[in-house]
Protein chains: 4
Amino acid sequence: MLRLSRFLPSTSRRVCDLKEVLWSGSLTFEHALSTSAANYDENASARKFASYTVFKGKAALSISPILPVFSKLESGASRVNRNGSVMLTFFPAVGQRKYDYAKKQLFALSPTEVGSLISLGPAESCEFFHDPSMKSSNEGQVKKTLSITPLGSDNGYFLNISVMNNGQKTNERMSVPITKAEFAVMRTALSFALPHIMGWDQALTSHPQSPSSAPASRPRVERPNPDSEWDR
Amino acid sequence: MLRLSRFLPSTSRRVCDLKEVLWSGSLTFEHALSTSAANYDENASARKFASYTVFKGKAALSISPILPVFSKLESGASRVNRNGSVMLTFFPAVGQRKYDYAKKQLFALSPTEVGSLISLGPAESCEFFHDPSMKSSNEGQVKKTLSITPLGSDNGYFLNISVMNNGQKTNERMSVPITKAEFAVMRTALSFALPHIMGWDQALTSHPQSPSSAPASRPRVERPNPDSEWDR
Amino acid sequence: MLRLSRFLPSTSRRVCDLKEVLWSGSLTFEHALSTSAANYDENASARKFASYTVFKGKAALSISPILPVFSKLESGASRVNRNGSVMLTFFPAVGQRKYDYAKKQLFALSPTEVGSLISLGPAESCEFFHDPSMKSSNEGQVKKTLSITPLGSDNGYFLNISVMNNGQKTNERMSVPITKAEFAVMRTALSFALPHIMGWDQALTSHPQSPSSAPASRPRVERPNPDSEWDR
Amino acid sequence: MLRLSRFLPSTSRRVCDLKEVLWSGSLTFEHALSTSAANYDENASARKFASYTVFKGKAALSISPILPVFSKLESGASRVNRNGSVMLTFFPAVGQRKYDYAKKQLFALSPTEVGSLISLGPAESCEFFHDPSMKSSNEGQVKKTLSITPLGSDNGYFLNISVMNNGQKTNERMSVPITKAEFAVMRTALSFALPHIMGWDQALTSHPQSPSSAPASRPRVERPNPDSEWDR
């Protein structure tokens, strides 16, 4: 198979043993991380990576947050230039408690998709579609679908990814059952991450110099409220 | 139309193209931001701006948090002098996927209004009234109303703004439908922002020197509890 | 009245005008703050104060968080020596939109009392009793009671304080109706404050040096897990 | 009894008096803390400890968060090498308001176990099993069980620990009733702790240098999105 031959040669050492992973209490994809860290920015050395990973019979799912990117404005302030996301990484089992990370499929949840996931009722499902070539001539060639469907009886959800490649005539599917407890971890971690991937935590961080030096006994009402909704 | 002529001349370059916005993953209103940053304080250069924006057929809505302002007390400590808020910015569509930010209408949610929004039940609605000239001779001349009404069947809400100007005989209205997923983002971001716009995050930040140097083995019961509710 | 004479002389200047307070968007009790800051510790100058205050017809209620106190251990680490709290301050109206802060009554919520308040169902009520002389010979002389009772129809709560002083034969009562929206602010702010008043935010803050310098490729399984539940 | 003789000799001084504990508002286990701090890392001096402790008739339960451990990657970045946990410490009453901390039993909740606890419905129960010798020749010799069962009528839960030692033919059991208010504290503190014990707070902390220096007016669309789900 073409697809396999493309990925397997360089990845045999990256097949990870679940026993080792469970012992250390945390899975890391060192190759992936260092690559993406290099892509990221020059300050990779200060970066920290964290994820939440569940290993199931046929596949595993790892979830990790990605920071937004700020840009400097001419005023010296900065603003969110690109929202962060929550990256879902699916990778298949290739033996008992062995997973092949090289066959991974990625799905990056936008803030609104995160909102959809954390507000999902016990019997509800949702589905997201991504197209890497959106708005280009290749639009529709590759189609990613993430669907979340209830396991039934308030018992968790199935997370299913499907990647259809019309050019390569392939359709990859992976499915990971998530227990109610695991989904509670995801919901809590995603709710925590949401304001951060939108940069709200940074917008809400005050700076040491910000308290005005005017004594509190002098009310500042003579000046119009600078953040007023009435200024246009 | 008078209203149009007031805003259009200077704003043609600020009509933003949705395609561009969606590609960059985040909308920014540079002109607006740099202006308001200049108003704010001298430390604008350290400021960071973030928002959550949804684009719909007839209008868009952008939500962003605004920090509280602290004032120094004579003791050297500081306290909240003016609460922050969550600013809602509505701006109309002026073509397919084109929006005119110059025709924006602002509505600044107070902490209690944020509390109202985040505790809204699926079938409930709420309405807020703001008057920029409250307690002045112009009271009642301009009236802003924000109403939030359910879309039905636990499917999200309509956010409607109306700005009635008795002097100019105008009544601007914009309405943005918010899906359940988008409202979950708003609820999560606003719940996160609420303690921050009230300054509680800063009041709850301990300072490096705060641990007392008394060894833990020596209980400090001889001194009355300084934060006691019994001192008056 | 004895009680009044005790408080009124020095407090005429502290009767605050609601109009002024509403304009500035935040109430502060400068005298109270600077006094308590002085009691607190030497680093008062770095402290920041924030509150959430609601003004009603007969009384006002202000809520503000109080930090825990840490003590140094012999190892150089530190631990919570006294939990923080959330202070409720009730003060009566003494005219239209005028309040007398000198007649205030305080009630400091412990972490568990905060837990009780934030988990209160729409039709539930709760009641807390405090005795400043607990475990002393004066036990029972003064008794504070805070009760929270539903307003009915999922419309908020009454917060009632009663301070009974057997020695002075007085029984002060104040009652403040809290809307559903205001209670949502309280619930959100108290949920945010809870981990902080217990010091969990500080216990969960990592220190710059904490990442081990061992390269990630060398698993550290040869050493027993130091945080293991199996060590005794 | 063998078990008693093993623990009592060195621990008489560590029997703590509840009165003292309640007065100081916070329980600390100094010996335990300094020992575990020494195990931890070299930076123990900067560490802070916090817990939430409830004292009941037959036993007490203390809950405290434990940080994850990060490891440096070759790139200079770091990643979670071992997840943190939330440690439950049970210790029995040995007299009226006296507890023997030396007879403590520990149970460290993993992120998923924390997820199970915080998503527990009012009438639901859950049970966790830990084996210190998992995957070794002694597997099954010692078995720890934590079960959480409802008290009934939405009134809280029983937290029961059982430690069965087949070699020593012992089976220790302790049970602590937790009120609804106390469980709300646990749920709030654990929800707060969860992203921290997984290291997400650190992964979501931006670094001062991270805003790109490119002016905001120059969109960076020419470069492929580095965090894209489309890169493999």
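Since the structure is predicted, the reported quantities are computational estimates derived from the model, not experimental observations.

Visitor: I keep staring at the overall build of chain A and nothing clicks. Help me out?
Guide: When helices and strands are tallied, chain A shows 6 helices and 14 strands. Relative to its full complement of 232 residues, chain A shows a buried share of 57%. Put simply, of all contacts in chain A between residues at least 6 apart along the chain, 49% involve residues at least 24 apart. Put simply, chain A shows about 10200 Å² of open surface, and 52% of that area lies on carbon and sulfur atoms.

Visitor: Please clarify how the confidence of the model for chain A should be interpreted in this entry.
Guide: Where the model shows low pLDDT, its predicted coordinates should not be examined in detail. All names here are of chain A. For chain A, the mean per-residue pLDDT works out to 76, and 69% of the residues sit at or above 70. Residue range residues 1–44 is modelled with pLDDT below 50. Its contacts to residues more than four positions away, or to other chains, number 77 contacts. Low pLDDT (under 50) marks residues 209–227, which in the prediction has 34 contacts with non-local residues, meaning those over four places away or in another chain.

Visitor: Which parts of the structure should I look at to understand the environment of I197(D)?
Guide: Among the secondary structure elements, I197(D) is positioned in helix α5 (residues 180–197). A residue is classified by how much of its surface remains accessible, and I197(D), at 0% relative accessible area, is buried. In sequence terms I197(D) and R82(D) are 115 residues apart; their C-alpha atoms lie 9.3 Å from each other. Excluding residues that lie within four positions of it along the chain, I197(D) makes contacts with L204(C), I66(D), P68(D), N83(D), G84(D), S85(D), V86(D), P111(D) and V114(D).

Visitor: What exactly am I supposed to notice about the pattern of salt bridges here?
Guide: Think of it this way: side chains of opposite charge can pair up when their charged atoms draw near. Across all of its chains, the model carries 8 salt bridges over all chains by this definition. E124(A) is the partner of K180(B) in a salt bridge, and the nearest nitrogen-oxygen pair spans 2.8 Å. Taken as a pair, K180(B) in helix α5 (residues 180–197) and E124(A) in the loop between α4 (111–118) and β10 (126–130) lie in two separate chains rather than in one. With relative accessibility at 22%, the residue K180(B) sits in the partly exposed group. Classification of E124(A) as partly exposed rests on a relative accessible area of 30%. For K56(D), the salt bridge identified is with E182(D), shortest N-O distance 2.8 Å. Of the two residues, K56(D) is situated in the loop between β3 (52–55) and β4 (59–66) and E182(D) in helix α5; the sequence distance between them amounts to 126 residues. Judged by relative accessible area, which is 10%, E182(D) ranks as buried.

Visitor: Explain the sheet that holds strand β12 (residues 156–165) of chain B to me, please; I cannot follow it from the model alone.
Guide: Adjacent strands of a sheet form backbone hydrogen bonds with each other and so pair up, either parallel or antiparallel. Residues and elements named next belong to chain B. The sheet built from 4 strands is open, its strands ordered β10-β11-β12-β13 with antiparallel pairing. If you trace the sheet from one side to the other, it starts and ends with β10 (126–130) and β13 (170–179), each paired once. Going from strand to strand, the sheet's axes swing by 10° on average, the running direction of each strand aside. Contacts between α5 and the sheet are confined to β12 and β13, with β13 contributing the most and set at about 100° to the helix.

Visitor: Please clarify how the nonpolar core should be interpreted in this entry.
Guide: Here is a general trend for soluble globular proteins: nonpolar side chains tend to be buried in one another's company. Counting 171 residues, the largest nonpolar core has W200(A), W200(C) and W200(D) as the members making the most contacts within it. If near-sequence neighbours (up to four positions away) are discounted, W200(C) is found in contact with P195(C), A50(D), S51(D), Y52(D), I63(D), S64(D), P65(D), V86(D), A189(D), L190(D), F192(D) and A193(D).

Visitor: What is the right way to look at the packing of helix α4 (residues 111–118) of chain B against helix α5 (residues 180–197) of chain C in this model?
Guide: Axes are the key here: two packed helices are described by the angle between their axes and the distance separating the axes. Close contact between α4(B) and α5(C) brings their axes to 7 Å; oriented N to C, the two are set at 95°. By the criterion of interaxial angle, the relationship of α4(B) to α5(C) is roughly perpendicular. Packed against α4(B), whose contacting residues are P111(B), T112(B), G115(B), S116(B) and I118(B), the element α5(C) presents A181(C), E182(C), A184(C), V185(C) and T188(C) at the interface. By residue class, the composition of the contact of α4(B) with α5(C) is 5 nonpolar, 4 polar and 1 charged.

Visitor: Would you mind showing me how to read the pairing of β10(A) here?
Guide: Regular strands place their side chains on alternate faces of the sheet. Residues and elements named next belong to chain A. Here β10 shows a clear split, with C126, F128 and H130 buried on one side and none of E127 and F129 buried on the other. Of the pairings in the sheet, the one linking β10 to strand β11 (residues 142–150) comprises 5 bridges and is antiparallel in character. Bridge assignment links F128 to a residue of β11, and that residue is L146.

Visitor: What is the right way to read the environment of S51(C) from this model?
Guide: Of note, S51(C) is situated in the loop between β2 (48–49) and β3 (52–55). Sequence separation between S51(C) and A189(C) is 138 residues; the distance between their C-alpha atoms is 9.7 Å.

Visitor: I tried to follow the sheet that holds strand β13 (residues 170–179) of chain C on my own but got confused; where do I start?
Guide: All names here are of chain C. Reading across the sheet, the 4 strands line up as β10-β11-β12-β13 and stay open at both edges, with antiparallel pairing between neighbours. Both outer strands of the open sheet, β10 (126–130) and β13, are each paired with one neighbouring strand and no more. Strand-to-strand, the axes of this sheet are offset by a mean angle of 10°, without reference to chain direction. On the sheet, α5 packs against β12 (156–165) and β13 and is oriented at approximately 100° with respect to β13.

Visitor: Explanation requested: the pairing of strand β7 (residues 85–95) of chain B in the structure shown.
Guide: Residues and elements named next belong to chain B. In terms of burial, β7 is a largely internal element, 8 of the 11 residues being buried. Sheet analysis places strand β4 (residues 59–66) next to β7, joined by 8 bridges and oriented antiparallel. Bridged to P65 within β7 is V86. Bridge analysis of β7 against strand β9 (residues 105–109) gives 5 bridges, and the strand direction is antiparallel. Residue pairing across strands places F90 opposite Q105, the latter belonging to β9. Strand direction decides the pairing type here: β7 and strand β8 (residues 98–100), joined by 2 bridges, are antiparallel.

Basis of the calculations
Residues numbered from 1 in each chain as written. Chains lettered and ligands numbered in written order. Predicted model: local features only at pLDDT ≥ 70, side-chain atom pairs only at ≥ 80, totals over all residues. Heavy atoms only, no water. Helix = DSSP H or I, 4+ residues; strand = E, 2+ residues; numbered from the N terminus. Buried < 20%, exposed > 50% of the residue type's maximum accessible area, 1.4 Å probe, protein only. Contact = heavy atoms within 4.5 Å. Areas by Shrake-Rupley, 256 points an atom, 1.4 Å probe, with all protein chains shown as cover. pLDDT = per-residue confidence, 0-100. Salt bridge = Lys/Arg side-chain N within 4 Å of Asp/Glu carboxyl O. Pairing = 2+ DSSP bridges. Axes fitted to C-alpha atoms, helices over the stretch in contact; angles between N-to-C directions. Core = buried A, V, L, I, M, F, W, Y, C linked by side-chain atoms within 4.5 Å. Parallel < 35°, antiparallel > 145°, perpendicular 65-115°, else oblique. Nonpolar A, V, L, I, M, F, W, Y, C, P; charged D, E, K, R; others polar.

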